[in-house]
Amino acid sequence: MAHGQPRGSFTPPAFGQRRPWAELVFHVLAHVRGGRDQPASVWEPRYVAWVAGLAGKAESRCLGQDARLLGQVARHQAMAALQLMAWLFDGVEQAEAVACRDIAQLGAREVAAPELLGPLAELGPLSEVLRAAALLEREVVDALPPPAPRLDELADRLVALAKVAPELEQSVVCCVRPLWLRGRVRGSEIWVGCPEADRGPTPEHVAWQAAHEATVHEVGRRSRHLGAALTERVGEQVALTLLKTRAAARGLQREHARWLGHFGSLPPLGRDALGQDARAVFDSLGDV
């Protein structure tokens, strides 16, 4: 365990507050069907169908056209970069305050993450389409039933998975409903779907997803320490291999396989499938 704590002393990571701006951004991206086979895609037909049942189909609003446009032109790298928009602002009000100006014109004090202004500005119209679409959908998303995540069950699952993903101990977990089966991590904050009683993924799935995101963060931190230049895709491969290996070592391979089975094509998993730098990162992490 991290910090030399004995096994069994782990307490659940903190649960963060809602992220309304992130929910808006991923609400839009969940409707982007084009490029659904790309690793960065967050297209989620179950979420789309649920929203349509309450607010009408996206095609009846600007969202339909915006989602088609984003799906036609955004390949994996661009789609991954677009998702940085979810971290650019602290809240919807901050985003609305500068809505009349291009991202390239914004200053550091007007956003929550100034380091993201450059990458998003480089995407040009794509970023502006996503930002505008998110703001236009605010009324729709605000009218949805508020999330009611099963946090007690999720906390129990996270405690159980601490032995395969020790970075969970330093993490803050936030439920972002449109992510559904997926997750994202930046710094110590992990975003996952919302396990609700009548919709969304199970607490077990969300916990495994959080464990994966924590492992992605762990691999990234270790690779930087070792000076290993891993691409985003290779880092993901190392994280998937590491979590699978740890799960098998602790008799959790069945639960891990159930989580992993929800996703489509995956890179080859296993130490022998890793390149030299990736293998060095994998080997350096060892047992937790």
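Not measured: the values here are computed from a predicted model.

Caption draft 1: The arrangement of unusual backbone geometry in detail. One non-glycine residue, W180, lies in the positive phi region at around 55°. Examined against the element boundaries, W180 turns out to sit in the loop between β2 (172-175) and β3 (183-186).

Caption draft 2: Layout of the pattern of salt bridges. A full pass over the atoms with the stated rule returns 20 salt bridges. The residue E96 makes a salt bridge to R138 at a minimum N-O spacing of 2.8 Å. Here E96 is found in helix α6 (residues 92-97), whereas its partner R138 is found in helix α9 (residues 138-142), with 42 residues between them in sequence. On the basis of relative accessible area, R138 is assigned to the partly exposed category, the value being 23%. Across the salt bridge formed by D283 and R271, the nearest N and O atoms sit 2.7 Å from each other.

Caption draft 3: Expanded view of the confidence of the model for the chain. For the chain, per-residue confidence averages 92 on the pLDDT scale, and residues scoring 70 or more make up 94% of the total. In this model, residues 1-8 is a region of pLDDT below 50 whose contacts with residues beyond four sequence positions or in other chains number 15 contacts.

Caption draft 4: Quick peek at the packing of aromatic side chains. This structure, assessed with the given rule, holds eight aromatic pairs. Ring centres 6.1 Å apart and planes at 50° place the aromatic pair Y47 and W50 in the tilted group. Of this pair, Y47 and W50 both sit in helix α2 (residues 45-55), separated by three residues, roughly a single helical turn. The class for Y47 is buried, based on a relative accessible area of 1%. You can call W50 buried: its relative accessible area is 16%.

Caption draft 5: Quick peek at the packing of helix α11 (residues 203-226) against helix α12 (residues 232-249). The geometry of α11 relative to α12 is characterised by a closest axis approach of 9 Å and an angle of 120° between their N-to-C directions. Of the possible angle classes, the one that applies to α11 and α12 is oblique. By crossing handedness, the relation of α11 to α12 is classed as right-handed. The residues of α12 that touch α11, namely those facing W208, A211, H212, T215, V216, E218 and V219, are G235, E236, V238, A239, L240, L242, L243, R246 and A247. For the contact of α11 with α12, the residue count by class is 10 nonpolar, three polar and three charged.

What counts and what doesn't
Residues numbered from 1 in each chain as written. Predicted model: local features only at pLDDT ≥ 70, side-chain atom pairs only at ≥ 80, totals over all residues. Heavy atoms only, no water. Helix = DSSP H or I, 4+ residues; strand = E, 2+ residues; numbered from the N terminus. Salt bridge = Lys/Arg side-chain N within 4 Å of Asp/Glu carboxyl O. Buried < 20%, exposed > 50% of the residue type's maximum accessible area, 1.4 Å probe, protein only. pLDDT = per-residue confidence, 0-100. Contact = heavy atoms within 4.5 Å. Phe/Tyr/Trp six-rings, centres within 6.5 Å; stacked < 30°, edge-to-face > 60°. Axes fitted to C-alpha atoms, helices over the stretch in contact; angles between N-to-C directions. Parallel < 35°, antiparallel > 145°, perpendicular 65-115°, else oblique. Left-handed = near helix turned anticlockwise from the far one by under 90°. Nonpolar A, V, L, I, M, F, W, Y, C, P; charged D, E, K, R; others polar.

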